[in-house]
Amino acid sequence: MARVRSSSSSSRLRYCNPAYYLKRPKRLALLLIAFVSVTLVVWDRQTLLREHEEEVAKLSEQLSHLKSLVEDSQNVQGDATKKVMLKGRGGEKEVVLDPIDIQRREKVKEAMIHAWSSYEKYAWGQDELQPQSKNGVNSFGGLGATLVDSLDTLYIMGLHEQFQKAREWIATSLDFDKDYEASVFETTIRVVGGLLSAYDLSEDKLFLDKAREIADRLLPAWDTPSGIPYNIINLAHGRPHNPSWTGGDSILADSGTEQVEFIALSQRTGDPKYQQKAEKVIVELNKTFPDDGLLPIYINPERGTSGRSIITFGAMGDSFYEYLLKVWIQGNKTSAVKPYRDMWEKSMTGLLSLIRRTTPSSFAYMCEKNGNSLTNKMDELACFAPGMLALGSSGYGPDDSKKFLTLAEELAWTCYNFYQSTPTKLAGENYFFYAGQDLSVGTSWNILRPETVESLFYLWRLTGNKTYQEWGWNIFQAFEKNSRIESGYVGLKDVNTGEKDNMMQSFFLAETLKYLYLLFSPSSVISLDEWVFNTEAHPIKIVARHDAVTSGIANGNDRPKIRLRGRKAGRTRE
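Predicted, not measured: the structure shown is a model, and the values here were computed from it. (Residues numbered from 1 in each chain as written. Predicted model: local features only at pLDDT ≥ 70, side-chain atom pairs only at ≥ 80, totals over all residues. Heavy atoms only, no water.)

J.: Lay out the layout of surface pockets with the relevant residues and their values.
T.: Space inside the largest pocket adds up to approximately 730 Å³. As for the largest pocket, its lining consists of 31 residues, and the residues nearest its centre are F185, E186, D318, L381 and R449. Mapped onto the lining of the largest pocket, the elements with two or more residues apiece are helix 7 (184-202), helix 9 (252-255), helix 12 (318-330), helix 16 (451-463) and helix 18 (506-519). Here the element with the most residues in the lining of the largest pocket is helix 7; it accounts for 4 residues. For the lining of the largest pocket, the residue count by class is 15 nonpolar, 5 polar and 11 charged. (1 Å grid on protein atoms, 1.4 Å probe; cavity = no way out; pocket = protein on both sides within 12 Å on 5 of 7 lines; lining within 4 Å. Points joined across faces, edges and corners; volume = space filled by probe spheres on them. Helix = DSSP H or I, 4+ residues; strand = E, 2+ residues; numbered from the N terminus. Nonpolar A, V, L, I, M, F, W, Y, C, P; charged D, E, K, R; others polar.)

J.: Explain helix 14 (residues 385-393) to me, and be specific about the residues and the numbers.
T.: Counting buried residues along helix 14, 9 of its 9 residues qualify, which places the element largely inside the surrounding structure. Buried-residue contacts for helix 14 involve helix 12, helix 13 (338-353), strand 11 (364-366), helix 15 (398-420) and helix 16. (Buried < 20%, exposed > 50% of the residue type's maximum accessible area, 1.4 Å probe, protein only. Contact = heavy atoms within 4.5 Å.)

J.: With reference to specific residues and values, describe the side chain of N300.
T.: Relative to the helices and strands, N300 resides in the loop between strand 9 (298-299) and helix 12. A polar contact of 2.7 Å, which involves the side chain of N300, links it to the backbone nitrogen of E302. Only 3.0 Å separates the side chain of N300 from the backbone nitrogen of R303, close enough to count as a polar contact. Contact partners of N300, with chain neighbours within four places excluded, come to S226, D249 and T305. (Polar contact = N/O pair within 3.5 Å; in protein donor to acceptor, adjacent residues only side chain to side chain.)

J.: Which residues make up the packing of helix 5 (residues 145-156) against helix 18, and what values go with them?
T.: Following both chains from N to C, one finds helix 5 and helix 18 inclined at 15°, their axes separated by 7 Å at the closest point. Taken as axis vectors, helix 5 and helix 18 run roughly parallel relative to one another. Where helix 5 crosses over helix 18, the handedness of that crossing is left-handed. Facing A145, T146, D149, S150, D152, T153 and I156 of helix 5, the residues of helix 18 in contact are S506, F507, L509, A510, K514, Y517 and L518. Looking at the contact of helix 5 with helix 18 residue by residue, the classes come out as 7 nonpolar, 4 polar and 3 charged. (Axes fitted to C-alpha atoms, helices over the stretch in contact; angles between N-to-C directions. Parallel < 35°, antiparallel > 145°, perpendicular 65-115°, else oblique. Left-handed = near helix turned anticlockwise from the far one by under 90°.)

None of the figures reported here should be taken as evidence of function without further support.
Listed below in structure tokens is the structure:
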């Protein structure tokens, strides 16, 4: 018996039959319209859902990024809290982060990642990267100069994976037994300083042991009748000597720029010999220190006396004056280190005698001196001086403090214009000042030097004037435009034409990028109340000194007690 369908079932079957609509075009059109409408609604909902999911993902990513930025902006020893809190000697305070500073700091960090990854890819373990030819070169005897120089920059920027990889290379591959004629000065500021800074930041004893190992190989350089060191030593065999082109003399900056590192090494190891060797140099120079505090760049290591030669705050003179101030700061400005401050203030009296101003723009600059004759020339290297003057100005009374800070600001303006006056907006190596002209490039190369940025960092920290941040950002952008290539950063053979060289100097990572990063970081990130920078921008912990200069005493009370982040957070080193 046939089954009878209900009318409703027949209707549903009819509407499902295509022939029904072919005979009724209006109904077909209505159905198509309905179908399209439903499809569009569904599609819109799916699209909105996808867009919503993408937006949520982007917001999540941004939130994660902001969280990372906030964490990065903590004090490098910092205790992470729900608020952005920064710790310093004055206690804990809440800081509002400037979004522009955050953005710029991240750009500098990205530049460091680019420089480091290029070194890692093409020159790992070698001293420096040649970016154009994509190979490494051992310009410092194979001590991994860029790697060691970059340790603290990596740590401060929170690049801990890169830091740990570098640490493993040091543990397994850093060998100082090299038949290599090493510069005592360069090895001290880059290698000893870099290792000590990594130790102070991470509390990893490997770095202290390695610093001591290389320092022991350098010590025979101080075995001279006067205690003024020879400037070159063979790392494997000893045999210190001076370069032939100095006529047997030692160089002022090379001999007077080891005190910060060697004092720190004695404090952290408890062995006084490093401090004794380095401080004997200052005692010897102080015996005949002139009233204007200006010393020629050549010193006889046999007699400890200076001959007739150029006086300059540029190459071969510069960091001697810097360390007179910084050892005073390193010792926490106690009476034990006051002789350094006294010598430095004499030298600043001498510096004032070298200041001249241009026409028509009245740019302040520092002359060089030979006998009674002045030369209207200033190295870009001398652009560390504005930062030094600003850093030391607070040790004076109110009137002198204002005078030296004002001079620091005037010299910084000149140094910034070293950059702004060229087509590439990068500074040449030195400048001349002719009558009726403001400034003219002399030697026209740029090798990624940090000195002007260093001074801008100090002036921003000490005055709070954001103009110095703007100037630093402009300089950074000029480096990005002219020096960045696919395989790292290069200097310029000529700042007028922009022609590139083939070297990424280790100090670009150690100093230039570090100072730029700190220029856009809160002031308690590597606080100037707690750290002093060596001349290679390696931060060393300030430790109050109570021993007399050259006594060599480094008792337990002199050892630094440092709060550190990480698995030992909250502990102090006793």
